[in-house]
Amino acid sequence: ETVREFASAAFNPAGETVAVGSFDQFRVFTYQESRSAWEEAGVKEVQNMYTVTALGWKPDGSSLAVGALCGNVDLYDACIRRHRYKG
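What counts and how
Residues numbered from 1 in each chain as written. Predicted model: local features only at pLDDT ≥ 70, side-chain atom pairs only at ≥ 80, totals over all residues. Heavy atoms only, no water. Phe/Tyr/Trp six-rings, centres within 6.5 Å; stacked < 30°, edge-to-face > 60°. Helix = DSSP H or I, 4+ residues; strand = E, 2+ residues; numbered from the N terminus. Buried < 20%, exposed > 50% of the residue type's maximum accessible area, 1.4 Å probe, protein only. Patch = residues over 30% accessible without salt bridge, like charges linked within 9 Å, V, L, I, M, F, W, Y side chains within 5 Å. Areas by Shrake-Rupley, 256 points an atom, 1.4 Å probe, with all protein chains shown as cover. Salt bridge = Lys/Arg side-chain N within 4 Å of Asp/Glu carboxyl O. Pairing = 2+ DSSP bridges.

1. What to know about the packing of aromatic side chains
- Going through the model one piece at a time under the given rule, you end up with four aromatic pairs.
- Summarising the aromatic geometry, the rings of F23 and Y50 are spaced 5.9 Å apart at their centres and angled 70 degrees between planes, so their arrangement reads as edge-to-face. Linking F23 in the loop between β2 (17-22) and β3 (25-32) with Y50 in the loop between β4 (37-45) and β5 (52-57), this pair joins segments that are 27 residues apart in sequence.
- Exposure remark for F23: the relative accessible area of 28% places this residue in the partly exposed category.
- Here the aromatic cluster, defined as three or more aromatic residues joined through ring pairs, consists of F11, Y31 and W38.

Here it is in structure tokens:
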């Protein structure tokens, strides 16, 4: 799988989860304190989204807004439980 460079990133309000945007997708990573490591929680691919240029979390961490180069903004529910991302 080829991953292009990351164009944007945003931490959730608690700081233990980060979303990073690239071409036609964004990835979510969570920090595992027990392992002192970041682990990928999920990938959301959206064809024809183009480059993700902006990411922002709702203050309570329940939603993630994703903005792309073409001017579109999508809102995703962020339920992060046991390394799974549901978007």
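2. Digging into a nonpolar patch on the surface
- Together, F11, Y31 and W38 line one region of the surface with nonpolar side chains, adding up to about 330 Å² of accessible area.
- Considering the arrangement of structural elements, one finds F11 in strand β1 (residues 8-11).
- Since its relative accessible area comes to 52%, F11 is described here as exposed.

3. A word on the pairing of β5
- Pairing of β5 with strand β6 (residues 63-68), which is carried by five bridges, proceeds in the antiparallel orientation. Residue pairing across strands places L55 opposite V66, the latter belonging to β6.
- Where β5 folds back on β6, the antiparallel hairpin that results is connected by five residues, among which G61 adopts a positive phi of roughly 80 degrees.

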